[in-house]
Amino acid sequence: LGLFIPSKYQEIVEVQEKIILEEYQTVVYKDKTGKFIYARGDSELRNFFLPPFCEIVKQEWSTDLRKEHTSVDLVWKFDRRPSYMNYEFNCRTVDNVELCVDVSFFWSIIDVPMLVEKTADAPGDTCTHARSKIIQEVSRIKLLDFLEKFNEIIRGACIDDPFYEERGVDLISVEVLRFKCASSETDAILQDIIKETADRLKKKERQKGENEVALSRLGGEIEEEKMKKELIELKKSHLKTEARIEGEAEAMKLVAFMEKTTGKDTATMDLDKAIKMFLMLRKLDSVEHLSKGSNQLMITPNDVNLSVGQIFPTTKDDKGF
C-alpha cells in the first residue's frame, strides 16, 4: 500500500501495530460488547489489526520467587509451550522444624479461555495452591522422614490435582531444588544429618559393588567347575569307548585263536591246552612290550615257569652227582 502521508486537514490520532502471532501463542481481546475473542497462532487469524472499539486483555503475572505479587509481568500473548517456574516457601514439620523449600514446577497452559475466565495470575494461583497442599503433607511427618522421601511427598501433594485443570493449566512435574532450615543452628544440624546420610549411602553403594564383584567371581568359578565336570565326563565317555573297542578287538582275537586251534575242521589241541598257549602268548606280548621301553623288569623263574635244568640239561656222573 505504500507510505501513508496525511493531508493538511488530517490528524494522526493513534498508530496501531499489526499483531503477529507464533504457532504457540494466543491473544485475547474484548469487542465493543465486552465479549472475549480468542486469536490463536495456529489458526487463520494469526496476523491482524485490532478492530475498532476493541481492547487487548492483559494480565499481571507474579514473577518474584515467593509469588507475592511484588514483581509482575504484563502478559497479553499467552504462550502455550511448557516452561519451568521456581517457587520458594516455608513449611513446618510435625517435630516443629521450619524448612525453607525451593521447588521447580514444569507447567503449561492447556486452555486459554478457561485460564482467562478463572484466574488473573496463573503462576501465583498455581504456586499458592501447591504451597497449601505441600504444607499439609509436611506437617504430618518428621524431619528425618522428609529427608528420606522429600520428592515423593512434594509430588504426591501437587500432581493429579483437579485445581490446575480447572484453571486451564497442566502441572506436569514438581522437583525439589533445595531446602534448608529457617534457623541457622538447626540448619547446621541438618547439614550434618545430610552428610551422614550421604556417607552411609556411599558406603552401602561401595559394599554393593564389592558384593557384585564377589558374586561375579563366584559365578565364574561355578561355570569353570561345571565345564571341568563336563570335560571329565567327556573324557570318561571316550575312555569307555576306547576300552570297549579294545575289548571287542581282544575278544575277536581270542575267538579267532580258539577257532583255529579247537575248531572241528582245524583242531590241533584240546581246549585246556589252547587256553594255556593263549595265555603264554599274551605274556610274551607283555614282555616284548616292556622290553622295547626304557623300563627294567625283574623276572624270577617262578614268574615264567623256567628252571636252569630245563635250559642246560645235565647228566649224572659215575658217582651219582
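Residues numbered from 1 in each chain as written. Predicted model: local features only at pLDDT ≥ 70, side-chain atom pairs only at ≥ 80, totals over all residues. Heavy atoms only, no water.

1. Brief notes about the state of the cysteines
The criterion, for reference: Two cysteine sulfur atoms form a disulfide, by the criterion used here, when they sit within 2.5 Å.
Evaluation of the coordinates by the stated rule reveals zero disulfides. Summary of cysteine pairing: Cys127 is not part of a disulfide, and the nearest cysteine sulfur, belonging to Cys158, is at 9.4 Å.

2. A short note on the nonpolar core
Our working definition: Among buried residues, the Ala, Val, Leu, Ile, Met, Phe, Trp, Tyr and Cys ones that are joined through side-chain atoms within 4.5 Å form a nonpolar core. Buried, partly exposed and exposed residues are distinguished by accessible area as a fraction of the type maximum, computed with a 1.4 Å probe on protein chains only: under 20%, between the cut-offs, and over 50%, respectively. Only heavy atoms enter the contact rule, under which two residues are in contact if any of them lie within 4.5 Å.
Phe78, Val101, Val103 and Phe105 are the most contacted members of the largest nonpolar core, which totals 41 residues. Sequence-distant contacts of Val101, that is, excluding residues within four places in its chain, are made with Tyr87, Glu88, Phe89, Cys91, Phe146, Val176, Arg178 and Phe179. Formed by nine residues, the second largest nonpolar core is a distinct cluster that contains Leu21, Val27, Phe48 and Cys54.

3. Comments concerning empty space enclosed by the protein
Applicable threshold: Grid points spaced at 1 Å over the protein atoms alone were grouped into cavities, where a 1.4 Å probe fits but cannot get out, and pockets, open sets with protein on both sides within 12 Å along at least five of seven lines, with lining residues defined by an atom within 4 Å of a point. Grid points are joined across faces, edges and corners, and a volume is the space filled by probe spheres set on the points. Helix numbers and strand numbers start at the N terminus; a helix is a DSSP run of H or I with at least 4 residues, a strand a run of E with at least 2.
Summed over all chains, the structure comprises one cavity of 30 Å³ or more. For the largest cavity, the calculated volume is near 40 Å³. Lining the largest cavity are Thr119, Ala122, Asp125, Thr126, Phe163, Tyr164, Arg167 and Val169. Of all elements in the fold, only helix 2 (122-138) and helix 5 (162-165) reach the threshold of two or more residues within the lining of the largest cavity. Broken down by element, the residue count for the lining of the largest cavity peaks at three residues, all from helix 2.

4. Let's talk about the pattern of salt bridges
We apply this condition: By definition, a salt bridge exists where a carboxyl oxygen of Asp or Glu is found within 4 Å of a side-chain nitrogen of Lys or Arg.
What the rule picks out here adds up to 13 salt bridges. In this structure, the salt-bridge partner of Arg46 is Glu23, at a minimum N-O distance of 2.8 Å. Taken together, the residues span a long stretch of sequence, with Arg46 in the loop between strand 3 (36-40) and strand 4 (47-48) and Glu23 in the loop between strand 1 (19-20) and strand 2 (25-30) at a distance of 23 residues. A salt bridge links Arg140 to Glu137; its shortest N-O distance comes to 3.4 Å. A single salt-bridge network, built from bridges that share partners, covers Arg66, Glu88, Asp102 and Arg178.

5. Describing unusual backbone geometry
In this structure, Phe53 takes a positive phi of about 65 degrees despite not being glycine. Within the fold, Phe53 resides in the loop between strand 4 and strand 5 (55-56). The backbone of Asn96 shows a phi angle near 65 degrees, a positive value even though the residue is not glycine. When you line up the elements, Asn96 lands in the loop between strand 9 (83-92) and strand 10 (98-109). A relative accessible area of 54% places Asn96 in the exposed class.

6. With respect to the sheet that holds strand 10
Heads up, the rule is: By definition, two strands form a pair when at least two bridges between them are found by DSSP. Axis angles are defined between N-to-C directions and span 0 to 180 degrees, where every axis is a line fitted to C-alpha atoms and, for a helix, only to the segment in contact.
Ordered by their spatial adjacency, three strands build an open sheet running 9-10-11, and the pairing between neighbours is antiparallel. For this open sheet the edge positions go to strand 9 and strand 11 (169-181), each flanked by a neighbour on one side alone. Averaged over all adjacent pairs, the angle separating strand axes in this sheet is 25 degrees, with direction ignored. Alignment of strand 10 against strand 11, held across eleven bridges, turns out to be antiparallel. In the strand pairing of strand 11, Ser104 is matched with Glu175. In the packing of helix 2 onto the sheet, the strands contacted are strand 9, strand 10 and strand 11, and the crossing angle to strand 9 comes to about 40 degrees.

7. Focus on the pairing of strand 10
Most of strand 10 is tucked away: ten of the twelve residues are buried. Sheet analysis places strand 9 next to strand 10, joined by ten bridges and oriented antiparallel. Across the sheet, Tyr84 pairs through a bridge with Phe106, a residue of strand 10. Between strand 9 and the antiparallel strand that follows it, strand 10, lie five residues; Asn96 among them carries a positive phi value of about 65 degrees.

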